[in-house]
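Structural features, examined
The primary structure of each chain is shown beneath.
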Amino acid sequence: MTTLPFFAERVAAGFPSPAQGYMEAPLDLNQLCIGQQEATFLLRVEGDSMLEAGIFPDDILVVDRSLEPSHGDVVVASLNGEFTVKELQLRPQPMLMPRNPRYAAIPLADQEWELFGVVTFSLHAHRPVARSRR
């Protein structure tokens, strides 16, 4: 992945502020998004069960298998042989929680499931990038 220019000035999401134009060292997205390269993989999202977590259909998730999951982490799990992305609830009982009120929580007791990793980043395209044809 190519390193990209990185401006140190933060952009206001509320009231505008004057930009200073000061650039830090170039930012390598691999260094930002990937902790353990050999334990990290990418997945594309299908479905809308995680909208309130800011995860939308066609987003790309960065998933780290080396991290120990904690209560409240967004995780990728295999549930009865199918992958799903949900918020992990460990208390008071283990459940996979959707972040869309149209979907029900999934209790993990008496289910065949396996945790595949913790979602560390989600990449959401606001305007898809046109790729040059070669």
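Being a predicted model, the structure only gives us computed values, none of them experimental.

This part covers the overall build of the protein. Across its full length, the protein carries one helix and nine strands. Seen in sequence order, the protein has helices and strands lined up from the N terminus as β-β-α-β-β-β-β-β-β-β. Sorting the 134 residues of the protein into buried and exposed places 27% on the buried side. Within the protein, contacts between residues at least 6 apart in sequence are counted, and of these 50% link residues at least 24 apart. Total accessible area on the protein stands at roughly 10000 Å², and carbon and sulfur atoms take up 53% of it.

On to the pairing of strand E9 (residues 113–123), then. Judged from the five bridges that link them, strand E4 (residues 60–64) and E9 form a sheet pairing that is antiparallel. Following the sheet pairing, Val 62 is matched in E9 by Phe 121. Pairing of strand E5 (residues 74–79) with E9, which is carried by five bridges, proceeds in the antiparallel orientation. Residue pairing for E9: Val 76 is matched across the bridge by Gly 117.

To continue, consider the environment of Glu 114. Counting through the fold element by element, Glu 114 comes out in strand E9. When the C-alpha positions of Glu 114 and Val 76 are compared, they lie 8.9 Å apart, and in sequence the two are 38 residues distant. Once residues lying within four places of it in the same chain are set aside, the contact partners of Glu 114 are Arg 65, Ala 77 and Ser 78.

Next up on the list: the nonpolar core. If you look at the biggest cluster of nonpolar residues, it comprises 10 residues: Val 45, Met 50, Ile 55, Leu 61, Val 63, Val 74, Val 76, Val 85, Phe 116 and Val 119. Looking at this core, the elements with two or more residues in it are E4, E5 and E9. Those residues in contact with Val 119 that sit more than four places away from it in its chain are Leu 61, Val 62, Val 63, Val 74, Val 75, Val 76 and Val 85. One finds Val 75, Leu 88, Leu 96 and Ile 106 within the second-largest nonpolar core, a separate group that totals eight residues.

On to the pattern of salt bridges. Two side chains carrying opposite charge are able to pair once their charged atoms lie near each other. Under the criterion given, the structure shown has two salt bridges. In this structure, Arg 99 engages Glu 87 in a salt bridge whose closest nitrogen and oxygen atoms are separated by 3.1 Å. On the criterion of sequence distance, the pair formed by Arg 99 in the loop between strand E7 (95–97) and strand E8 (106–107) and Glu 87 in strand E6 (residues 82–89) is long-range, its members being 12 residues apart.

Attention now moves to the packing of aromatic side chains. How two aromatic rings sit relative to each other is set out by the distance from centre to centre and by the angle between their planes. Going through the model one piece at a time under the given rule, you end up with one aromatic pair. Look at Phe 83 and Phe 116: their rings are 4.8 Å apart centre to centre, the planes differ by 70°, and that puts the pair in the edge-to-face class. Note that Phe 83 is positioned in strand E6 and Phe 116 in strand E9, a separation of 33 residues in sequence. A relative accessible area of 18% places Phe 116 in the buried class.

Next up on the list: the sheet that holds strand E3 (residues 40–44). The pairing of strands in a sheet happens through backbone hydrogen bonds and is either parallel or antiparallel. Read from one edge to the other, the open sheet built from seven strands follows the order E3-E4-E9-E5-E6-E7-E8, with strand pairing classed as antiparallel. Because the sheet does not close on itself, it has two edges, and the strands there are E3 and E8. With five bridges connecting them, E3 and E4 associate as antiparallel partners. Looking at E4, one finds that Phe 41 is bridged to Val 63.

This next bit is on the confidence of the model for the protein. Put simply, the protein has an average pLDDT of 84, and 78% of its residues get 70 or more. Averaged pLDDT values for the elements of the protein fall to 58 in strand E1 (residues 3–7) and rise to 97 in E7.

Conventions we followed
- Residues numbered from 1 in each chain as written.
- Predicted model: local features only at pLDDT ≥ 70, side-chain atom pairs only at ≥ 80, totals over all residues.
- Heavy atoms only, no water.
- Helix = DSSP H or I, 4+ residues; strand = E, 2+ residues; numbered from the N terminus.
- Buried < 20%, exposed > 50% of the residue type's maximum accessible area, 1.4 Å probe, protein only.
- Contact = heavy atoms within 4.5 Å.
- Areas by Shrake-Rupley, 256 points an atom, 1.4 Å probe, with all protein chains shown as cover.
- Pairing = 2+ DSSP bridges.
- Core = buried A, V, L, I, M, F, W, Y, C linked by side-chain atoms within 4.5 Å.
- Salt bridge = Lys/Arg side-chain N within 4 Å of Asp/Glu carboxyl O.
- Phe/Tyr/Trp six-rings, centres within 6.5 Å; stacked < 30°, edge-to-face > 60°.
- pLDDT = per-residue confidence, 0-100.

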